[in-house]
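Descriptive structure summary
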Amino acid sequence: MSIADGLAKMAENVVKMNANTMQMFSRNPRGSSYKTYSEAENAKFGQIRKENHLGPVLAHAPYTLNLASPKPEVYEFACMVIKEDIARMDGLGIENIVFHPGSHTGIGPDKGIQNIIAGLNQALTGKENITVLLETMSGKGTEIGVSFDELRAIRDGLKYPERVGICLDTCHVFAAGYDIVNNLDGVLAEFDRILGLDLLRAIHLNDSMMPFASHKDRHATIGDGEIGIEALLRVMEHPLLRELPFYLETPLDDKGHKKEIEMIRGKLGEG
Ligand code: FE
Ligand code: FE
Ligand code: ZN
């Protein structure tokens, strides 16, 4: 969905697609501009969410944000954006905001993790209602968040860890080397051991164009990638996951997503 659309328009679109939850960008995903919404717009958004019983709304911070960066100008900008967007999305009554932990670009994961911790600590007041979600990453380049241990290390350093949870991206974990195709139970047991399943608040549901453990981040439409429809249905129907909100990030437009949702609902017997 386009950030240029109003909030209410986005929610209306979601309902038309026969979805029951939505993800939106907190601001321009590849830039830094954002729209401010009027009280009336926000009220209408709330009304549509309520009337249609939409599940938790997820805001996604810009892809360009790098809270692990050793470059002062990049880091300071990331600190400002994450702080502003947590507050802005919290103000809109949005339940969760997800961001990519960042890329260390050569200083190593440990120093990158320290930067992320400091960035989150300056951004959070502890009084928010919104939960900040760290996304599991594929590990392309010098990305942090490729292992559950790295995500745990970030959370362990926080002043307000209770404000921070995890968003699991099926494409990313598969590309990172977590075998959700052949050993979903094992992956969930490991997640539970290292992070605790109670921290899992959202699933990004994507197939992967790239093979297992490739450390490449290329989303495929559901059933058309290396993960496959059977494995993704097992994720959706898993007793430990089925109550979570699922968000599609497949390379389709609104019309395509409507069809994809219809296909998934059919397979799940919700048709
Ligand atoms: Fe993401
Ligand atoms: Fe994702
Ligand atoms: Zn991705």
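Further up the page is the structure itself.
Residues numbered from 1 in each chain as written. Chains lettered and ligands numbered in written order. Predicted model: local features only at pLDDT ≥ 70, side-chain atom pairs only at ≥ 80, totals over all residues. Heavy atoms only, no water.

**Comments concerning the coordination of the iron ion (ligand 1)**
Looking at the metal site, the iron ion (ligand 1) is ligated by His60 (NE2), His100 (NE2) and Glu135 (OE), spaced 2.1 to 2.3 Å from it. All donors to the iron ion (ligand 1) come from one chain, and their sequence spacing reads H-x39-H-x34-E. Between the iron ion (ligand 1) and the iron ion (ligand 2), a spacing of 3.2 Å is present, and a bridge between the two is formed by Glu135. Residue His100 is found in the loop between β3 (96-99) and β4 (102-103), and its partner Glu135 is found in strand β5 (residues 131-135); the two are separated by 35 residues along the sequence. (Donors = N, O, S within 2.8 Å, 3.2 Å for Na, K, Ca; no water. Helix = DSSP H or I, 4+ residues; strand = E, 2+ residues; numbered from the N terminus.)

**Details of the sheet that holds strand β1 (residues 23-25)**
An order of β1-β2-β3-β5-β7-β8-β11 is seen for the seven strands of this open sheet, with the pairing classed as parallel. A strand with exactly one partner marks an edge of an open sheet, and here the two such strands are β1 and β11 (246-248). Direction aside, neighbouring strands of the sheet carry axes that sit 30° apart on average. By the bridge criterion, four bridges tie β5 to strand β7 (residues 164-169) in an arrangement that is parallel. Paired with Leu134 across the bridge in β7 is Ile166. (Pairing = 2+ DSSP bridges. Axes fitted to C-alpha atoms, helices over the stretch in contact; angles between N-to-C directions.)

**Examining the nonpolar core**
Membership of the largest hydrophobic core comes to 73 residues, with the highest contact counts inside it found for Leu67, Ile94, Phe99, Leu120 and Ile154. Here the element with the most residues in this core is helix α3 (residues 72-91); it accounts for seven residues. Look past the residues within four positions of Ile94 in its chain and what remains in contact with it is Met24, Phe45, Arg49, Val57, Ala59, Met89 and Ile130. In terms of nonpolar packing, the next biggest core, distinct from the first, is built from six residues, Leu58, Val98, Leu133 and Tyr247 among them. (Core = buried A, V, L, I, M, F, W, Y, C linked by side-chain atoms within 4.5 Å. Buried < 20%, exposed > 50% of the residue type's maximum accessible area, 1.4 Å probe, protein only. Contact = heavy atoms within 4.5 Å.)

**A look at helix α9 (residues 254-267)**
An ideal rise of 1.5 Å per residue puts 20 Å on 14 residues; α9 measures up with 20 Å between its terminal C-alpha atoms. Turning to α9, its buried residues are Gly256, His257, Glu260, Ile261, Ile264 and Arg265. On its buried face, α9 is in contact with β8 (200-205), α8 (229-237) and β11. (Expected span 1.5 Å × (residues − 1).)

**Considering the coordination of the iron ion (ligand 2)**
A four-donor tetrahedral metal ideally has 109.5 degree angles, and a six-donor octahedral metal ideally has angles of 90 or 180 degrees. Only Glu135 (OE), Asp169 (OD), His204 (ND1) and Glu249 (OE) from the protein coordinate the iron ion (ligand 2), and they sit 2.0 to 2.2 Å from it. Classification of the site at the iron ion (ligand 2) rests on its four donor atoms, whose angles at the metal span 87 to 176°, yielding the label irregular. For the iron ion (ligand 2), the single-chain donor residues occur in sequence as E-x33-D-x34-H-x44-E. By relative accessible area, Glu249 is classed as buried at 15%. (Tetrahedral: all angles 85-135°; square planar, octahedral: opposite > 155°, others 65-115°.)

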